[in-house]
Amino acid sequence: MARTSDPNELFTAAQDGDRGALARLLSLIEAGGEPGRRVGRLAYPRSGQAYTIGLTGAPGSGKSTLTSAVIGHLRSTDLEVAVLAIDPSSPFTGGAILGDRVRMQDHATDPGVFIRSMATRGHLGGLSLATPEAVRLLDAIGRHWILVETVGVGQVEVEIAGKADTTVVVVNPGWGDSVQANKAGLMEIADVFVINKADRKGVDETRRDLEQMLDLSDLPHDAWRPPIVPTVGTTADGIPEMWDAVLAHRAYAQSSGQLVERRGYRAREELREIVTNRLRERARELCTGERWDQLTDGVASHTLDPWTAADEMLGGIDA
Ligand SMILES: Nc1nc2c(ncn2[C@@H]2O[C@H](COP(=O)(O)OP(=O)(O)OP(=O)(O)O)[C@@H](O)[C@H]2O)c(=O)[nH]1
Ligand SMILES: [Mg+2]
């Protein structure tokens, strides 16, 4: 593995198939900061080829098991695949990553498969900016099928899941699971529904619930209606059908203009987020020092109102 920490050299090595170099580039992205941005600048002009598939659903619904089964399916047709397992370091998924590693171990020595979990490290805007950056890096080094697993709990995670080209929402049979998915905001982002653990009872009821929710949602008449596919992740039953549903959505997205539209929207949202983060950073720098102390003293002692104080603080910059 390349011994350098220079993003340029690591990038060249990763393009030549050096997995250690790729892992280090992903760590730079994860850590954020200038080295991470350098990786982003290298990857950006070379990306734009990959197709991303998001897999999301409640904790324990079987996302990793399905991911592993999908990898097996794709490898049987010789497609190369990369997987990002987003670990929001939330209480919901504590300890799950080890399980993921064990399950995905089947593919660990296959050069056609690259699996990586990503964590926030707790910095602001972390995952929502790092995830698309990581996807572009994988794209730029030639991984054209990218699966992103996120737990469908929490606003940031659901947002990340919804940023895929095709989003698969995983539910389990049983009363109320689809209602929970609806509450978590997963209905709006679903392009394909999977009822995983279809070896258990309640599949028909869950399908009915989902159909009903789709009927109630105001999908435009000619729009895509998410298909509902039963699967058993542990035996890979239904995986070819699930993959066919993903490909059908992809064909629809490409021909209808939805794909171009979504990607345009994502590009705008990402840029907006970068600008917002920069301004927030700038504000943090601004709100320190002697002038800041004087003004805050004035506000605290009611000799100055906060609006005037803010105007004074921002006097030097346009805001
Ligand atoms: N009976 C049954 N069990 C399944 C099926 N798919 C997955 N499981 C089991 O469900 C448990 C959770 O599966 P995971 O794949 O780790 O679920 P996950 O959604 O990735 O979980 P988190 O990442 O923790 O949110 C494991 O014990 C799996 O073996 C299935 O189709 N049927
Ligand atoms: Mg998992």
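Residues numbered from 1 in each chain as written. Chains lettered and ligands numbered in written order. Predicted model: local features only at pLDDT ≥ 70, side-chain atom pairs only at ≥ 80, totals over all residues. Heavy atoms only, no water.

Caption draft 1: Looking closely at the overall build of the protein. Along its length, the protein carries 14 helices and seven strands. Within the protein, counting contacts between residues at least 6 apart in sequence, those at least 24 apart form 74% of the total. Summing over all exposed atoms, the protein offers an accessible surface of approximately 16600 Å²; the carbon and sulfur share of this is 53%. (Helix = DSSP H or I, 4+ residues; strand = E, 2+ residues; numbered from the N terminus. Contact = heavy atoms within 4.5 Å. Areas by Shrake-Rupley, 256 points an atom, 1.4 Å probe, with all protein chains shown as cover.)

Caption draft 2: Spotlight on helix α12 (residues 258-286). The first and last C-alpha atoms of α12 sit 42 Å apart over 29 residues, in line with the 42 Å expected at 1.5 Å per residue. Elements in contact with the buried residues of α12: β1 (51-57), α6 (126-140) and α11 (239-256). (Expected span 1.5 Å × (residues − 1).)

Caption draft 3: View of the packing of aromatic side chains. Counted according to the given criterion, the structure contains three aromatic pairs. Taking the centre distance of 5.4 Å and the plane angle of 65° together, the rings of W145 and W243 count as edge-to-face. Separated by 98 residues along the polypeptide, W145 in strand β4 (residues 145-151) and W243 in helix α11 bring together distant segments of the chain. Overall, W145 belongs to the buried group, its relative accessible area being 13%. (Phe/Tyr/Trp six-rings, centres within 6.5 Å; stacked < 30°, edge-to-face > 60°. Buried < 20%, exposed > 50% of the residue type's maximum accessible area, 1.4 Å probe, protein only.)

Caption draft 4: Main features of the packing of helix α2 (residues 19-31) against α6. The geometry of α2 relative to α6 is characterised by a closest axis approach of 9 Å and an angle of 155° between their N-to-C directions. Taken together, the axes of α2 and α6 lie roughly antiparallel to each other. When you trace α2 past α6, the crossing you get is right-handed. Between α2 and α6, the contacting residues are L22, L25, L26 and I29 on the first element and A130, E133, A134, L137 and L138 on the second. Its residues assigned to classes, the contact of α2 with α6 shows eight nonpolar, no polar and one charged. (Axes fitted to C-alpha atoms, helices over the stretch in contact; angles between N-to-C directions. Parallel < 35°, antiparallel > 145°, perpendicular 65-115°, else oblique. Left-handed = near helix turned anticlockwise from the far one by under 90°. Nonpolar A, V, L, I, M, F, W, Y, C, P; charged D, E, K, R; others polar.)

Caption draft 5: View of the coordination of the magnesium ion (ligand 2). Distances from the magnesium ion (ligand 2) to its protein donors, S64 (OG) and E149 (OE), fall within 2.1 to 2.3 Å. Here the residue S64 occupies a position in helix α4 (residues 63-76), and E149 occupies one in strand β4, the gap between them amounting to 85 residues. Classification of S64 as buried rests on a relative accessible area of 5%. (Donors = N, O, S within 2.8 Å, 3.2 Å for Na, K, Ca; no water.)

Caption draft 6: Quick look at the confidence of the model for the protein. Chain-level statistics for the protein give a pLDDT mean of 87 and a share of 89% at 70 or above. Per-element mean pLDDT across the protein ranges from 49 in helix α5 (residues 96-104) up to 98 in strand β7 (residues 228-231). Throughout residues 90-99 the model reports pLDDT below 50, and contacts reaching past four residues in sequence, or to other chains, amount to seven contacts. (pLDDT = per-residue confidence, 0-100.)

Caption draft 7: Spatial organisation of the nonpolar core. Within the largest apolar cluster, 29 residues are counted, with the highest numbers of intra-cluster contacts made by F11, L22 and L137. Listing elements by their share of this core, those giving two or more residues are α1 (7-15), α2, α3 (33-43), β2 (81-87), β3 (113-119), α6 and β4. At seven residues, α6 tops the list of elements feeding residues into this core. If we ignore the near neighbours within four places in the chain, the residues touching L137 are F11, L22, L25, L26, I29, V39 and A43. In terms of nonpolar packing, the next biggest core, distinct from the first, is built from 25 residues, L147, V168, I239 and V246 among them. (Core = buried A, V, L, I, M, F, W, Y, C linked by side-chain atoms within 4.5 Å.)

Caption draft 8: Focus on the sheet that holds strand β6 (residues 192-196). The strand order across the open sheet formed by seven strands is β3-β2-β4-β1-β5-β6-β7, and the pairing between neighbours is parallel. Only two strands of the sheet have a single partner each, and these edge strands are β3 and β7. On average, each strand axis in the sheet is tilted by 20° relative to the strand beside it, whichever way the strands run. Note: β1 against strand β5 (residues 166-171), five bridges, orientation parallel. Note that in β5 the partner of L55 across the bridge is V168. (Pairing = 2+ DSSP bridges.)

Caption draft 9: Local environment of a negative patch on the surface. There is a patch of like negative charges on the surface, built from D199, D237, E241 and D244. With respect to the secondary-structure elements, E241 resides in helix α11. (Patch = residues over 30% accessible without salt bridge, like charges linked within 9 Å, V, L, I, M, F, W, Y side chains within 5 Å. Salt bridge = Lys/Arg side-chain N within 4 Å of Asp/Glu carboxyl O. Lys, Arg positive; Asp, Glu negative; His and termini not counted. Charge placed at Lys NZ, Arg CZ, Asp CG, Glu CD.)

Caption draft 10: Main features of the pairing of β1. Among the seven residues in β1, seven count as buried, and that is most of the element. Residue alternation in β1 divides its side chains into two sets, Y51, I53, L55 and G57 and T52, G54 and T56, and both sets are buried. Of the pairings in the sheet, the one linking β1 to β4 comprises seven bridges and is parallel in character. Within β4, the position partnered with G57 by the bridge is V151.

Caption draft 11: Broad picture of a nonpolar patch on the surface. Taken together, the side chains of L271, I274, V275 and L279 make up a nonpolar region of the molecular surface, amounting to roughly 360 Å² of accessible area. Here L279 is to be found in helix α12. Residue class for L279 comes out exposed when judged on its relative accessible area of 57%.

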